[in-house]
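Observations on chain architecture
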Amino acid sequence: MNLSLSDIVPPLRWTAPSQVEPIASDPGLPDAWWQALPLDRACAAVGTVQIASRLADLTSTCWAHLVLGDILPLMRFTHPEESLQTPGPREIVHKLFIDVIDRLLATEPAGEPAGAPVPPALPERPMAEVIDEIFARLDDRQRAIARDRLYYDTSQQSGQHPGQAQRATLDELAQRFSVTRERIRQIERDLRDHVLEWLRSPAAAPLNAHLAWLRTRLGSAVPADDLAAAVPWHRTELITLAIPAWRFVRTLLTGYDQVDGWLVAGGVDELREKTRQLFADGPRPLDEAVAQVAQLGVREDVAERWLASVPQLRVLDGHVVPWPRSMGDKAEAVLAVSGAPLTPEEIQARIGEDYSLVGLRNQLAADERFIRLDRSKYGLRRWGGEEYLGIREMISREIERAGGEASVSTIVDNLTSRYDVSESSIRAYAGGPGFERTQRGYIRVAGQAQGEPYQPRRDVSMTRRCFRSRDGRWWHRVDVNAEHLRGSGSPLPTGFAAHLGMAPGGQLTVSTSSGEVVISWHNQPTIGSIRNVLADYNASDGDHVFLTVSDGGELLTRFLPAAAAGLPAINQALHLIGYTAPVASEAEGLRLIGARIGLAEGTGREEVLDRLRDRGDRDILRFLS
């Protein structure tokens, strides 16, 4: 016998030697005996029981996730039912392995008596000719059923090969040959039995040997086109069926499923889930990920392609990362791999999907996982570091650190060394509202000894077109009109401006993806042009934009197109508060409206309507009358 243990146990070929060595080594055998020593000699040296014991130990330690038929493919012939199961108790697995190895050793020919005739050697023949013998005696109808149904390449039905026929149905074949569907089904069943019977014959030995080798090459997952390229004769056309030989071979690879362009041993969902579990703790370097996936039976040369094909995983910048569905989770993965702060534009480019830049900015500003570490860069809060809150707030912090007043030059040096801000911007803010000069070159926060913050006549909960989201933020609805689209500024309600921390005479500069927007309060609060924001959304007259300001000084916006015509009245009302999901009843809709305008849970219908009247939300009320 010229077979080693690794020749009949495919996982030994792709499992790392550092894992195999401590378990398989035996004092009675040479180093790496499972590769270097013929199996019959190894069994002669230490016994079949000992060899099977080493194999059982490897199975329970390294390959417990594989079915037994993938560990020892010969079991598919000797113990077909057990071969489809994952390893059970060690003693049972050990006995199975002993039986398989004993049967294999028993097939070795005994020494022939002297003078016995030697059977002639079989001539070498192309494998395609060997396969053609199976179908040589079939009639035209049987061959058509084999070609167009049994051995049809189902990948052609995915749209990858336009213009080619679909797999023949029972009805189509029945009509073609003027027989019943059941007769076609019976012929199909007889053809399968015919092939299985031939595979048990001595003539099938070369093909069976090839299938055993093929399983070792394919591993647990491989691109489907790898099968056609495995050996040159796979692409040879079978004369009897006029199909390439690999289409027939594919049907003999029992236990493999073809899904999304991959051949997968066992269940594809199971292998995908096992692959995802490898990265449950976060990103891993690609080299490390490939080695881990190889332990699942995926060849290293196709491991990266497999990882890229698994849903909810992504190969990103030399790492494999969990890739969930939400934009926030993906942004977190991008930053985790980067290890350094990134701009929203950089994060969007690395995500590489159709996410709005405005929406991403809102997510980064509102999600507690992220922290703004510079004027235009975000990181992960778990990294630590001081949060950047805008130039005005950072100046206030420098003054606080200095004990109440600080040199403007020192503030400039400190902030320009840490953040991507210009000296001119810092000096402009330092000389503006909110700060006052104390001595030559020094400033302090203005009005430190003055009265309480400005109290508007109506707070934000009593302010028209202002609504509270589930995270507690208050948003103001802007109904887009031609003036907004032309770039004109527009008034803001005093209750909302006061909620943002403003007072008469004050000014607040907020950042957007396309520049800064100034909110000022002279005779009344006004916000500057938001035309660029509206252009990002491709907004039109009649649409809505909900806006607020983050703690970091960013203008957060949410866009909502105008309501569709014919929407029920309660849904029209909900649309105006920014809620677009369906509701089961008007009562549920009123509950949602009450929560968005600051009322307690369980508030009745009349109280909700009264609050809307007091606030001046007549546009909502007309849908609730």
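Anything mentioned here points back to the structure above.
Each chain has its residues counted from 1, running along the sequence as written. Local features in this predicted model are restricted to residues of pLDDT 70 or higher, and side-chain atom pairs are both shown and tallied only at a pLDDT of 80 or more, whereas totals for entire chains, interfaces and linings draw on every residue. With hydrogens and water stripped out, all remaining heavy atoms of the structure feed into the side-chain values.

**What about the environment of D70?**
Runs of H or I in DSSP of at least four residues are treated as helices and runs of E of at least two as strands, each being numbered from the N terminus. Relative to the elements of secondary structure, D70 occurs in helix 7 (residues 68-71). Along the sequence, D70 and T254 sit 184 residues apart, while their C-alpha atoms lie 11 Å from each other. Residues within four places of D70 in sequence aside, it is in contact with P10, P11, R76 and A265. At 2.4 Å, the side chain of D70 and the side chain of R76 are in polar contact. Should any heavy atoms of two residues lie within 4.5 Å, those residues are considered in contact. Two N or O atoms form a polar contact when they lie within 3.5 Å of each other; inside protein one atom must be a possible hydrogen donor and the other a possible acceptor, and for residues adjacent in sequence the pair counts only when both atoms belong to side chains.

**A short note on the packing of helix 22 (residues 344-351) against helix 23 (residues 357-366)**
At a minimum axis distance of 10 Å, the contact between helix 22 and helix 23 shows a crossing angle of 115 degrees. With respect to helix 23, the element helix 22 is oriented roughly perpendicular. For the pair helix 22 and helix 23, the sense of crossing is right-handed. In contact with P344, E345, I347 and Q348 of helix 22, helix 23 contributes L357, L360, R361 and L364. When grouped by side-chain class, the residues that make up the contact of helix 22 with helix 23 number five nonpolar, one polar and two charged. Lines fitted to C-alpha atoms define the axes, with helix axes restricted to the stretch in contact, and inter-axis angles between N-to-C directions lie between 0 and 180 degrees. By definition in this entry, angles of less than 35 degrees are roughly parallel, angles greater than 145 are roughly antiparallel, angles of 65 to 115 are roughly perpendicular, and the rest are oblique. By convention, the crossing between two helices is left-handed when the near helix turns anticlockwise from the far helix through less than a right angle, and right-handed when the turn is clockwise. As a working rule, the residues Ala, Val, Leu, Ile, Met, Phe, Trp, Tyr, Cys and Pro are called nonpolar, Asp, Glu, Lys and Arg charged, and the rest polar, with Gly in that last group.

**Let's talk about helix 19 (residues 286-294)**
For every residue, the accessible area (1.4 Å probe, protein chains only) is compared with the maximum for its type, and the residue is labelled buried under 20%, exposed over 50%, or partly exposed between those bounds. Turning to helix 19, its buried residues are L286, A289, V290, Q292, V293 and A294. If you follow the buried residues of helix 19, they end up packed against helix 2 (11-14), helix 18 (268-277), strand 6 (284-285), helix 20 (300-309), strand 7 (313-316) and strand 8 (319-322).

**Quick look at the packing of aromatic side chains**
Here a Phe, Tyr or Trp ring, Trp counted by its six-membered ring, pairs with any other such ring whose centre lies within 6.5 Å, and the pair is stacked when the planes are under 30 degrees apart, edge-to-face when over 60, and tilted otherwise. According to the stated counting rule, one finds eight aromatic pairs in the structure shown. Between F135 and F248 the ring centres are 5.5 Å apart and the planes differ by 90 degrees, which places this aromatic pair in the edge-to-face class. Separated by 113 residues along the polypeptide, F135 in helix 11 (residues 127-135) and F248 in helix 17 (residues 245-252) bring together distant segments of the chain. Residues W262 and W306 carry aromatic rings whose centres are separated by 5.2 Å and whose planes lie at 75 degrees to one another, so their mutual orientation is edge-to-face. Of this pair, W262 sits in strand 5 (residues 262-265) while W306 sits in helix 20, placing them 44 residues apart in sequence.

**Observations regarding helix 5 (residues 39-46)**
Quick reminder: α-helices carry 3.6 residues per turn. Residues three or four places apart thus point the same way. Along helix 5, the positions that sit buried rather than exposed are L39, A42 and C43. Taken down its axis, helix 5 places every buried residue within 95 degrees of arc, on the same side. For helix 5, exposure combined with an orientation more than 90 degrees from the buried face picks out R41, A44 and A45. Residues of helix 5 that are buried sit in contact with helix 1 (5-8), helix 4 (33-36), helix 6 (48-62) and helix 10 (90-106). Arc, as used here, means the arc of the directions from the helix axis to the C-beta atoms.

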